[in-house]
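These are the residues of each chain, in order.
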Amino acid sequence: MTQNEQQVAGLVLAAGGGRRLGGRPKALLEHRGRLLVEYAVGVLRAAGCTRVHVVLGARAADVRERARLDGCVLVENPEWEAGMGSSLRAGLGSLAGTGARAALVSLVDQPGIGVEAVRRVLAGFADESSLVSAAYDGVRGHPVLFGAAHWDGIAASATGDRGARAYLKAHADAVGLVECGDVAEPYDIDTEADLVHLE
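The rules behind these values
Residues numbered from 1 in each chain as written. Predicted model: local features only at pLDDT ≥ 70, side-chain atom pairs only at ≥ 80, totals over all residues. Heavy atoms only, no water. Pairing = 2+ DSSP bridges. Helix = DSSP H or I, 4+ residues; strand = E, 2+ residues; numbered from the N terminus. Axes fitted to C-alpha atoms, helices over the stretch in contact; angles between N-to-C directions. Buried < 20%, exposed > 50% of the residue type's maximum accessible area, 1.4 Å probe, protein only. Contact = heavy atoms within 4.5 Å. Salt bridge = Lys/Arg side-chain N within 4 Å of Asp/Glu carboxyl O. Core = buried A, V, L, I, M, F, W, Y, C linked by side-chain atoms within 4.5 Å. Arc of directions from axis to C-beta. Parallel < 35°, antiparallel > 145°, perpendicular 65-115°, else oblique. Left-handed = near helix turned anticlockwise from the far one by under 90°. Nonpolar A, V, L, I, M, F, W, Y, C, P; charged D, E, K, R; others polar. Disulfide = S-S within 2.5 Å.

Asker: Whenever I open this one, the sheet that holds strand S7 (residues 131-136) confuses me. Can you help?
Answerer: Pairing is mixed in the open sheet, where seven strands are placed in the order S5-S4-S1-S6-S8-S7-S9. Every other strand in the sheet has two partners, leaving strand S5 (73-76) and strand S9 (176-179) as the edge strands with one partner each. Taken over all neighbouring pairs, the strand axes of this sheet differ in orientation by 25 degrees on average, direction set aside. Bridge count for S7 against strand S8 (residues 139-147) is five bridges, and the pairing is antiparallel. Bridge pairing in S8 places Ala135 opposite Arg140.

See below:
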């Protein structure tokens, strides 16, 4: 286990209710024989994140019952309907006091982003001040690594569905971009039409 793997915790944001999918929570969609939330956790683990926290929201009880998330810390976000920002706050809050020096954040609805992209972002970790983001043809995307020194600032600015966008924009000079367009596809599973991406 490398130093990075011990110090960086994986954080899967999996609370969304799938409003544009007829109210089907994305965590419970299936991909390659597994629930999307299991798939997302598997990618983080395969890339080297030994500690993984998963933020649940919509139908959290169903996800707990159906998904095999052994060894994960499950964090319930009672305010999940307020958007991704609240889930990011809940997830970062759950890492406080764990000794993690950074969080590698991935979204449950991006199964086209696999192990290699996560490994590249993870490799960018240096210390608590690190800010590293995957990029696709030079455009910032996920996953994103937030050093612990940034967690309070991110939590303070994470509102609605914006997540860390405002914080990253304000600290653009400090963000290390890691090109992943050759190994990953950053599509989201947001609408019925997007379901074609699931296998």
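Asker: Can you help me understand the side chain of His150 in this one?
Answerer: As for its placement among the helices and strands, His150 is situated in the loop between S8 and helix H6 (151-157). Note on His150: relative accessible area 10%, which makes it buried. Those residues in contact with His150 that lie beyond four places of it in its chain are Glu128, Ser129, Ser130, Leu131 and Tyr167.

Asker: Looking at this structure, how should I read the pattern of salt bridges?
Answerer: Oppositely charged side chains can form a pair if their charged atoms are brought close together. For the coordinates displayed, the defined rule picks out 11 salt bridges. Of the charged contacts, one joins Asp190 and Arg20 as a salt bridge, the two residues approaching to 3.4 Å between their closest N and O atoms. Within this pair, whereas Asp190 is found in the segment after S9, its partner Arg20 is found in the loop between strand S1 (8-14) and strand S2 (30-31), the two being separated by 170 residues in sequence. Within the structure, one salt-bridge network assembled from shared partners comprises Arg20, Lys26, Asp109 and Asp190.

Asker: Can you help me understand the nonpolar core in this one?
Answerer: One finds Val12, Val37, Val54, Leu104 and Leu145 to be the most contacted residues of the largest nonpolar core, which totals 44 residues. Elements that contribute at least two residues to this core include exactly S1, helix H2 (36-47), strand S4 (52-56), helix H3 (60-66), strand S6 (102-107), helix H5 (115-122) and S7. Here the element with the most residues in this core is H2; it accounts for eight residues. Counting residues in each nonpolar core, the second largest holds 23 residues, with Leu13, Leu88, Ala158 and Leu168 among its members.

Asker: Could you clarify how one ought to interpret H5 in this entry?
Answerer: Because the α-helix completes a turn every 3.6 residues, residues three or four places apart line up on one side. Every buried residue of H5 is listed here: Ala117, Val118, Val121 and Leu122. An end-on view of H5 places all buried positions within 135 degrees of arc, on one side of the element.

Asker: Is there a simple way to explain the packing of H2 against H5 in this structure?
Answerer: Helix packing for two helices is described by the angle between their axes and how far apart those axes are. Between H2 and H5, the least distance of the axes is 8 Å, while the angle of their chain directions is 50 degrees. In terms of orientation, H2 lies oblique with respect to H5. Crossing of H2 over H5 shows right-handed handedness. Where H2 approaches H5, its residues Val43, Leu44, Ala46 and Ala47 are matched on the opposing element by Val115, Val118, Arg119 and Leu122. Grouping the constituent residues of the contact of H2 with H5 by class yields seven nonpolar, no polar and one charged.

Asker: Sorry if this is basic, but what is going on with the state of the cysteines here?
Answerer: Two cysteines form a disulfide when their sulfur atoms are joined by a covalent bond. The tally for this structure, following the rule as stated, stands at zero disulfides. Here Cys72 is not disulfide-linked; the sulfur of Cys49 is the nearest cysteine sulfur, at 11 Å. Accessibility expressed as a relative area gives 13% for Cys72, which makes it buried. Free cysteine: Cys180, not disulfide-bonded; nearest cysteine sulfur from Cys49 at 14 Å.

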